[in-house]
Structure formats: structure tokens, C-alpha cells
Amino acid sequence: MFIGHFGLAFGARKAAPAVSLGTLFIACQFADLLWPTLLLLGIERVEIDPAASKMTPLDFVSYPYSHSLLMLCLWGAACGGIYAALRRAPLTAAVTLALLVVSHWVLDFITHRPDLPLTPTGSTRVGLGLWNSIPATLAVEVPIFAVGLALYLRATRARRAAGTIGVWSLVAFLLLIYAASTFGPPPPSARAVLWSAQAMWLLVAWAYWLDRNRTAHD
Ligand SMILES: [Zn+2]
């Protein structure tokens, strides 16, 4: 799952109007933002296997700390708790962030083949394998993204032109990488996967910037 995660983050702005879109991006993609650093440290492992599924040529050999259900529940509680402590945020904001972190696992569970761990140490791997079909994946993921984006556009309005340009250029960019990763050639190496995943922090910065140019509807 790729744009579906961002769809939930966009939509969550309605539930937590005081939270920046950048923070919501960190929460929905916490697993995938932590993952490349764990790959870099040699703690988790990915390999290229063009036969892995129709949607991705990635074989997620091991990712117990970034992608097990138990760890994402713990990361979610930590993110919500830290945000609440730092920002003295209302409980709904903290709970929204925690749920977004866990939602990553749920969406990945729907799309991945059975490679998602339940706990960091157990051997059980689960996944419904939606990625075995490109049309089925698009049929699930594109509506999640569209509905989330629509909620965000209704919950906020641009304060200046950058608020409009920012959001639509980000949407275009997300759709472009989604199309490229779905229909383009597989990445040349696991190292290339690691660094393109690391580049996702730029999307977080982009979201913080554009969100500062938008304001919540009262
Ligand atoms: Zn993931």
C-alpha cells in the first residue's frame, strides 16, 4: 500500500484539526519511515524479487521492528503520548496519531502477501495478498486516497496561493511515484530501495510546508 496510507493521513486532519498534515504523514508512514534506517543498520532486510507480487518486486525478508503488529501498537502509543506531552494536545489528537500509526499495519495486512509479523519475535506471518492483482489494488487504494484528500480539502482552506499549489503538486507527485512504482521497472538494488524510502522524509517536509499555508475551517 502506498497512496492509501497518505489518504488516511489527509482524512485524519478532519478528526484532529490542530495537527499539521506533516505530523499526520509521519504517523501514517511511521513504519515506512523507520524501515530504511533499520535496513541501513542491518537490523531489517529486503530483497528484490520480481516474482514477489504484481504490485511490488520487493521481498520483505525481515522487518519485525518496523512492521509487526505489536511494535506498531507500541510505536503508536509512543507517538500519541509524545505528541500529547509536547503539545499539550487534546486526547483526540493523540489517539488519532496512535491509530494512524497502527493503520499502516492494517492497510499493509490487506495488500501484502503473508510476510507481516504479528510480534517481533514470533514466526507467524500474515497478509491477504491484494497486491497479487493490480486492478484490485487500485480499486481499493485509489478511493481511500480520493476520499481522504476530499476530507482534507473540506476541513481546510488555503490562506494563500502556496496552500493550493502545495497540495495539488504533492498530490500529482504522489500519483506519479505510485504509477512509476506500479508500472515502471523494478529498482536496481535493495540499496536503491533503501534510499528512495529514506527520501520519503521530503514528503513529510512538503506536507508541513503546505499545511502552514492552509487553515482549518471553523
Ligand atoms: Zn509499510
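Please refer to the structure higher up on the page.
Note that the structure is a prediction, hence the values are computed from the model and not measured.

Asker: Can you walk me through empty space enclosed by the protein in this structure?
Answerer: Any space left empty among the atoms is revealed by the rolling of a water-sized probe across them. All told, the structure shown has 1 cavity of 30 Å³ or more when counted by the stated rule. For the largest cavity, the full set of lining residues is A52, S53, T56, L58, F60, H112, R113, D115 and W131. Tallied by class, residues from the lining of the largest cavity come to 4 nonpolar, 3 polar and 2 charged.

Asker: Just checking my understanding: could you explain the packing of aromatic side chains for this structure?
Answerer: Between two aromatic rings, the relevant description is the distance of the centres plus the angle of the planes. The full count for this structure, using the stated rule, is 12 aromatic pairs. A centroid spacing of 5.8 Å and a plane angle of 55° characterise the contact between W35 and F60, whose relative ring orientation is tilted. Residue W35 is found in helix α3 (residues 30-40), and its partner F60 is found in strand β2 (residues 58-62); the two are separated by 25 residues along the sequence. We note that W35, like F60, is buried. Taking 5.3 Å as the distance between ring centres and 5° as the angle between the ring planes, the aromatic pair formed by W105 and F109 counts as stacked. Of the two residues, W105 and F109 both sit in helix α6 (residues 91-111), 4 residues apart, roughly one turn of that helix.

Asker: Can you help me understand the pattern of salt bridges in this one?
Answerer: A side chain of one charge can pair with a side chain of the opposite charge if their charged atoms are brought near each other. Using the criterion set out here, one finds 3 salt bridges in the structure. The partner of R13 in a salt bridge is D211, with the nearest N and O atoms 2.8 Å apart. Taken as a pair, R13 in helix α1 (residues 3-15) and D211 in helix α10 (residues 200-212) lie far apart in primary sequence, 198 residues in all. The buried category is assigned to D211, whose relative accessible area is 6%.

Asker: Looking at this model, I keep getting lost on the nonpolar core. Mind explaining?
Answerer: Soluble, globular proteins show a tendency: their nonpolar side chains are buried together. Grouped together as the largest cluster of nonpolar side chains are 53 residues, with contacts concentrated most on F6, F10, L21, L24, F25, W35 and L174. Per element, the largest residue contribution to this core is 7 residues, and it comes from α3.

Rules of the game
Residues numbered from 1 in each chain as written. Predicted model: local features only at pLDDT ≥ 70, side-chain atom pairs only at ≥ 80, totals over all residues. Heavy atoms only, no water. 1 Å grid on protein atoms, 1.4 Å probe; cavity = no way out; pocket = protein on both sides within 12 Å on 5 of 7 lines; lining within 4 Å. Points joined across faces, edges and corners; volume = space filled by probe spheres on them. Nonpolar A, V, L, I, M, F, W, Y, C, P; charged D, E, K, R; others polar. Phe/Tyr/Trp six-rings, centres within 6.5 Å; stacked < 30°, edge-to-face > 60°. Helix = DSSP H or I, 4+ residues; strand = E, 2+ residues; numbered from the N terminus. Buried < 20%, exposed > 50% of the residue type's maximum accessible area, 1.4 Å probe, protein only. Salt bridge = Lys/Arg side-chain N within 4 Å of Asp/Glu carboxyl O. Core = buried A, V, L, I, M, F, W, Y, C linked by side-chain atoms within 4.5 Å.

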